Amino acid sequence: MLRRLLLVALAAVAKETDFYKLLKIDKSFNEKQLKSAYREAAKKYHPDKNPGDEKAAKKFALVAEAYDVLSDPKKRRRYDQVGRTDAAGKPTGNKQARGNPFHGFGGRQQRRPPKPNFRKPPPRRPPPPPPPQKPKVPKEVAYAQRRVHRVATTSQLRKIALDSDTGALRRHLVHAFYVSGACEDRLDRELRFPHPFVDAELSDASGAGRWDAHVVFAKTDLDPKSLAHDEASKLAAKLGGDAAAKDDDHCPTFVAVKRGASLRAKDAEVKVFRKRTFKAFETWVYEIVKTRVTFENRHPAETMHVYWHGALRDGVPWGKLAARVPPLAKVSTETYPTHAFSAFLAAAHADAAPDDVDGKSFALWGGAAVATHVVTAEPDAAVVLRAPTCADAHVSCRRAACGGGGQIRARCARTCGLCAGEL
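Residues numbered from 1 in each chain as written. Predicted model: local features only at pLDDT ≥ 70, side-chain atom pairs only at ≥ 80, totals over all residues. Heavy atoms only, no water.

Novice: Tell me about the pairing of strand β2 (residues 172–178), residues and numbers included.
Specialist: Of all seven residues that make up β2, seven are buried, and the element is covered over most of its length. Burial of the side chains of β2 extends over both faces: His172, Val174, Ala176 and Tyr178 are buried on one face and Leu173, His175 and Phe177 on the other. Sheet topology places β2 next to strand β4 (residues 253–257); five bridges connect them, and they run antiparallel. Residue valine 174 lies in a different strand from β4, and its bridge partner there is alanine 256. (Buried < 20%, exposed > 50% of the residue type's maximum accessible area, 1.4 Å probe, protein only. Helix = DSSP H or I, 4+ residues; strand = E, 2+ residues; numbered from the N terminus. Pairing = 2+ DSSP bridges.)

Structure representation (structure tokens):
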């Protein structure tokens, strides 16, 4: 029985027409061989030579189809893959049947079920991190940066910073040289140049309290392609800031020149921050603009207390103890532009005590102010503290008739006693 089924299957397979055998050519034929084989087969099965022969007519049609398929590379390729196809492109005889003689007789080729995969799935890759966002510039920093002088030539800088009579700097100069792009971001966002030295909150309507009243802040954008050819590059070379355009590690480059000096490289201090933090920038500028103040006490017997002014508390000025100046002695200290101080006779100051520590805050209304001074950008200052008179008494006590009473009398008791010659 099995042998009979095999013979039937082979007969069914044989019914499928092989175009190569029909035309009697090899699969490696060329175009000339194909045409010659087609002409011979067409003559052989032509209806005029075989009148009334249906088999010859079918063979003639197959010969024409074979030539049409084998002469077209695309059709031939598809024929070699799946066999004959109909007008819709579907195979008319399944080429798989050639390898499976039981195809169509209940012996459909079954696909094996896939083997179970016991492997762990590969770990999912985490999504790529979002691009880093530039830190936002605080409002007070943006305010300060709008007040920086943009300088492109040496003549512009001279007009801004130099005294026309002496040719020296009127104020300290802090100048930044940079290149647009990442270097400019480091200057503005990381170093926050020139904040906090230009601060809106510290400025009044007249501009007093701003550091830019004592310091000139300037910046110059350099073009590496035109280095040493344009005016900006010449200015950078003059002050020693041209490294900003030559090396990214030196960008930005800062140049500081102190008040009273000239615009020359020998008078300039060049600074590059390896740690690009605004704290490092602040510390450096503080050292540049620091001013030395010397207090001289000419009172023969009384110690003078010096206080740096702080904020108001409930309308009363407060200050931190900066120095004690013994009789007929001098004491020096350092501070910064815009700082103000007042000096008091210790015996006339209600809140002072001999064991007070430096930096402690006191209310400044309770005594006679010997001297009041505001630090500017001068390199050094000398302040002479003399014995007070009634005119030197604190403003709130000057307005009080010392013969009056109440809280004012109690508050100004030492000042009134001083004016009466009791001290």
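What follows continues from the structure just given.
Novice: An account of the sheet that holds strand β5 (residues 268–271) is requested, with residue identities and associated values reported.
Specialist: Sheet strands associate in pairs through backbone hydrogen bonding, adopting either a parallel or an antiparallel arrangement. Within the open sheet, the five strands sit side by side as β1-β3-β2-β4-β5. Their pairing is mixed. At either end of the open sheet lies a strand with only one pairing partner, and these are β1 (149–150) and β5. Relative to strand β3 (residues 215–221), β1 is paired through two bridges, and the arrangement is parallel. Of the residues in β3, the one forming a bridge with histidine 149 is alanine 218.

Novice: Can you lay out helix α10 (residues 278–289) for me, pointing to particular residues and giving the numbers?
Specialist: Along its 12 residues, α10 runs 17 Å from first to last C-alpha, staying within 8% of the 16 Å computed at 1.5 Å per residue. Every buried residue of α10 is listed here: Phe281, Glu282, Trp284, Val285, Ile288 and Val289. For α10, the buried positions fall inside an angular range of 165° around the axis, keeping them on one side. The secondary structure elements touched by the buried residues of α10 are β2, β3, β4, β5, β6 (291–297) and β9 (330–335). (Expected span 1.5 Å × (residues − 1). Arc of directions from axis to C-beta. Contact = heavy atoms within 4.5 Å.)

Novice: Residue-level account of the pairing of β3, with values.
Specialist: When you tally the buried positions in β3, you get six out of seven residues, the bulk of the element. With seven bridges connecting them, β2 and β3 associate as parallel partners. Note on β3: the bridge partner recorded for histidine 175 is alanine 218.

Novice: Before we move on, can you summarise the confidence of the model for the protein with the specific residues and values?
Specialist: Summary statistics for the protein give a mean pLDDT of 75 and a share of 69% for residues scoring 70 or more. β4 holds the highest mean pLDDT among the elements of the protein, 94, whereas helix α1 (residues 2–14) holds the lowest, 44. Taken together, the stretch residues 5–15 has pLDDT below 50 and engages in six contacts with residues farther than four places along the chain or on a different chain. Low pLDDT (under 50) marks residues 94–107, which in the prediction has 19 contacts with non-local residues, meaning those over four places away or in another chain. (pLDDT = per-residue confidence, 0-100.)

Novice: Tell me about the side chain of aspartate 188, residues and numbers included.
Specialist: With respect to the element layout, aspartate 188 can be found in helix α8 (residues 182–190). On the basis of relative accessibility, which here comes to 15%, the residue aspartate 188 falls in the buried class. Sequence-distant contacts of aspartate 188, that is, excluding residues within four places in its chain, are made with Val141, Gln145 and Lys219.

Novice: So what's going on with the nonpolar core? Which residues, and what values?
Specialist: Ranked by internal contacts, the top residues of the largest apolar core, which has 44 residues, are Phe193, Phe254, Phe281 and Trp284. Elements with a minimum of two residues in this core: α7 (154–161), β2, α8, β3, α9 (231–239), β4 and α10. Here phenylalanine 281 is in contact with Leu191, Phe193, Pro194, His195, Phe197, Phe254 and Phe273, once residues within four sequence places are set aside. In terms of nonpolar packing, the next biggest core, distinct from the first, is built from 16 residues, Phe19, Leu23, Ile25 and Leu34 among them. (Core = buried A, V, L, I, M, F, W, Y, C linked by side-chain atoms within 4.5 Å.)

Novice: So, the packing of helix α4 (residues 54–70) against helix α5 (residues 73–82): which residues are in play, and what are the values?
Specialist: At their nearest, the axes of α4 and α5 sit 6 Å apart, and the two run at 110° to each other. Between α4 and α5, the interaxial angle falls into the category roughly perpendicular. Contacts between α4 and α5 involve Asp68, Val69 and Leu70 from the first element and Lys75, Arg76 and Tyr79 from the second. (Axes fitted to C-alpha atoms, helices over the stretch in contact; angles between N-to-C directions. Parallel < 35°, antiparallel > 145°, perpendicular 65-115°, else oblique.)

Novice: So, the packing of aromatic side chains: which residues are in play, and what are the values?
Specialist: As enumerated under the stated definition, the model contains 15 aromatic pairs in all. On the numbers, 5.9 Å between centres and 80° between planes, the contact of phenylalanine 273 with tryptophan 284 is edge-to-face. One end of the pair, phenylalanine 273, is in the loop between β5 and α10; the other, tryptophan 284, is in helix α10, and 11 residues separate them in sequence. Take phenylalanine 273 and tryptophan 284: they sit in the same class, and that class is buried. (Phe/Tyr/Trp six-rings, centres within 6.5 Å; stacked < 30°, edge-to-face > 60°.)

Novice: Kindly report on the environment of lysine 44, identifying the contributing residues and their values.
Specialist: Within the secondary structure, lysine 44 sits in helix α3 (residues 31–45). Considering only alpha carbons, one finds lysine 44 and phenylalanine 60, 16 residues apart in sequence, at a separation of 8.2 Å. For lysine 44, the contacting residues outside a window of four places in its chain are Lys24 and Asn50.

Novice: Describe the pattern of salt bridges, with residues and values.
Specialist: Where side chains of opposite charge bring their charged atoms close, a pairing between them can arise. Scanning the model with the defined rule gives 12 salt bridges in all. The salt bridge involving arginine 264 is made with aspartate 267; its shortest N-O contact spans 3.6 Å. In this structure, lysine 290 engages glutamate 334 in a salt bridge whose closest nitrogen and oxygen atoms are separated by 3.5 Å. Taken as a pair, lysine 290 in the loop between α10 and β6 and glutamate 334 in strand β9 lie far apart in primary sequence, 44 residues in all. Judged by relative accessible area, which is 41%, glutamate 334 ranks as partly exposed. In this structure, a network of salt bridges that share partners links the residues Glu287, Lys290, Arg292 and Glu334. (Salt bridge = Lys/Arg side-chain N within 4 Å of Asp/Glu carboxyl O.)

Novice: Can you explain the state of the cysteines? Please cite residues and give values.
Specialist: The tally for this structure, following the rule as stated, stands at one disulfide. One disulfide in the model links cysteine 183 with cysteine 251; its S-S distance is 1.9 Å. Between cysteine 183 and cysteine 251, the S-S torsion sits near -95°, and that sign places the bridge as left-handed. Taken together, the residues cysteine 183 in helix α8 and cysteine 251 in the loop between α9 and β4 connect sequence positions 68 residues apart. You can call cysteine 251 buried: its relative accessible area is 2%. (Disulfide = S-S within 2.5 Å.)

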